[in-house]
Amino acid sequence: MADFYRIPVSELLPEGVPLPVEQAEKIVLNLEALYDHPDSELEHVAKLARSIQQRRGDYNGRILSIRADDLYTLAVVYSTTPSGLIEKLEDFGVLVHDLQAFFASDAE
Ligand code: C2E
Ligand code: C2E
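Along each chain, the written sequence defines residue order, and numbers are assigned to residues from 1. Here the convention is simple: chains get letters from A, ligands get numbers from 1, in the order in which they are written. Side-chain atom pairs in this predicted model are given and counted only at pLDDT of 80 or more, local residue features only at pLDDT of at least 70, and totals for whole chains, interfaces and linings cover all residues. Excluded from the side-chain calculation are hydrogens and water; included are all heavy atoms of the structure.

As recorded by an unreviewed UniProt entry, the protein chain carries the name BldD C-terminal domain-containing protein and is attributed to Glycomyces lechevalierae.

In structure tokens, the structure reads:
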């Protein structure tokens, strides 16, 4: 019906009914862990992170959220898929999953 009337489906739903949105996982890098990591395999990730910090003018953060598009490009560089790269980054211990826990560990 929405197609027929050329209007968004949401216009036909009762108010307050949200459309299901598929939430992509946010990729958050732990910059200290990344920059201090001795494995040269992470070189390209570190280079991209530095370049993003530079473009955002954001040099103070300990974490960096990266775009899904950039993750995709990086995956190509590593000849893998985005999820394959996430697994790799996970194994290297350079991802932050729980921001609250990450910052809470500082306060202890
Ligand atoms: P842009 O893509 O034209 O984005 C302009 C501004 O919109 C950004 O300024 C930021 O304040 C905001 N913005 C854009 N996308 C997002 C987003 O997904 N989330 C949030 N919270 N804000 C967003 P900013 O950060 O100073 O970046 C300046 C320019 O640097 C961007 O212009 C873009 O060309 C480049 N850049 C920054 N971060 C990235 C990145 O992670 N990947 C890539 N490929 N380029 C980036
Ligand atoms: P976020 O700010 O929570 O944004 C989540 C998603 O909303 C982004 O996923 C993007 O698809 C969309 N989005 C948000 N703001 C903008 C915008 O200004 N322009 C466009 N075209 N899309 C926008 P994405 O791209 O995968 O980025 C993931 C996260 O990376 C963002 O989460 C944000 O924390 C960070 N990020 C991405 N680009 C920028 C940027 O240019 N500047 C800054 N400061 N942060 C960015």
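Anyway, onward from the coordinates.
A.B. asks: Explain the site of ligand 2 to me, using residue names and the numbers behind them.
C.D. replies: Near ligand 2 the following residues occur: Lys 26, Arg 56, Ser 65, Ile 66, Arg 67 and Ala 68. As used in this structure description, the phrase polar contact means that two N or O atoms lie within 3.5 Å; if the pair is within protein, one of them must be able to donate a hydrogen and the other to accept it, and residues adjacent in sequence are counted only when both atoms belong to side chains. Between ligand 2 and Arg 56 there is a distance of 3.1 Å, counted from a nitrogen atom to a side-chain nitrogen or oxygen. The separation between a nitrogen atom of ligand 2 and a polar side-chain atom of Arg 67 is 2.7 Å. Note on areas: Shrake-Rupley, 1.4 Å probe, and residue coverage restricted to the protein chains presented here. Contact with the protein chains removes 31% of the 780 Å² of surface that ligand 2 exposes when unbound. Proximity criterion: a residue is near a molecule or strand once any of its heavy atoms comes within 4 Å of it.

A.B. asks: Tell me what's going on with the nonpolar core, and back it up with residues and numbers.
C.D. replies: Among the buried residues, those of types Ala, Val, Leu, Ile, Met, Phe, Trp, Tyr and Cys that are joined through side-chain atoms within 4.5 Å form a nonpolar core. The rule is simple: take the accessible area with a 1.4 Å probe, protein chains only, and divide by the maximum for that residue type; under 20% is buried, over 50% is exposed, in between is partly exposed. Counting residues in each nonpolar core, the largest one holds 21 residues, and the members touching the most others are Leu 29, Leu 34, Leu 42, Val 45, Ile 66, Leu 85 and Leu 89. Counting from the N terminus, the helices are DSSP H or I runs at least four residues long and the strands are E runs at least two residues long. Broken down by secondary-structure element, the contributors of at least two residues to this core are strand S1 (27-30), helix H2 (31-36), helix H3 (43-56), strand S2 (63-66), helix H4 (68-77) and helix H5 (82-92). Ignoring any residue separated from it by four or fewer positions in sequence, one finds Leu 89 in contact with Leu 29, Leu 42, Val 45, Val 94 and Leu 95. By definition, residues are in contact when any of their heavy atoms lie within 4.5 Å.

A.B. asks: Can you lay out the site of ligand 1 for me, pointing to particular residues and giving the numbers?
C.D. replies: For ligand 1, the full set of nearby residues is Ile 52, Arg 55, Arg 56, Arg 67 and Asp 70. One of the side-chain nitrogen or oxygen atoms of Asp 70 is found 2.5 Å away from a nitrogen atom of ligand 1. Starting from 780 Å² of accessible surface for ligand 1 in isolation, the protein chains cover 39%. No other element matches H3, which puts three residues into the shell around ligand 1. Partitioning the shell around ligand 1 into residue classes produces one nonpolar, no polar and four charged. Three residue categories are used. Nonpolar comprises Ala, Val, Leu, Ile, Met, Phe, Trp, Tyr, Cys and Pro, charged comprises Asp, Glu, Lys and Arg, and polar comprises the others, including Gly.

A.B. asks: Provide a residue-level description of the packing of aromatic side chains, including the pertinent values.
C.D. replies: Whether two aromatic rings pair depends on their centres lying within 6.5 Å, for rings of Phe, Tyr and Trp, where Trp uses its six-membered ring; planes under 30 degrees apart make the pair stacked, over 60 edge-to-face, and the rest tilted. Per the counting criterion, the structure on display carries one aromatic pair. Seen from the ring of Tyr 35, Arg 50 lies directly overhead, with NZ or CZ sitting 4.2 Å from the centre. Working rule: Lys NZ or Arg CZ, within 6 Å of ring centre, within 35 degrees of ring normal, means a charge sits over the ring.

A.B. asks: Break down H5 for me, citing the residues and quoting the values.
C.D. replies: For H5, the complete set of buried residues consists of Leu 85, Ile 86, Leu 89 and Phe 92. All buried residues of H5 project into a common sector of 120° when viewed along the axis, lining one side. Away from the buried face of H5 by more than 90 degrees, exposed residues Glu 87 and Asp 91 are located. Each element contacted by the buried residues of H5 is listed here: S1, H3 and H4. Downstream of H5 by a residue or two, Gly 93 has a phi angle that is positive, lying close to 70°. Directions drawn from the helix axis to the C-beta atoms are what define this arc.

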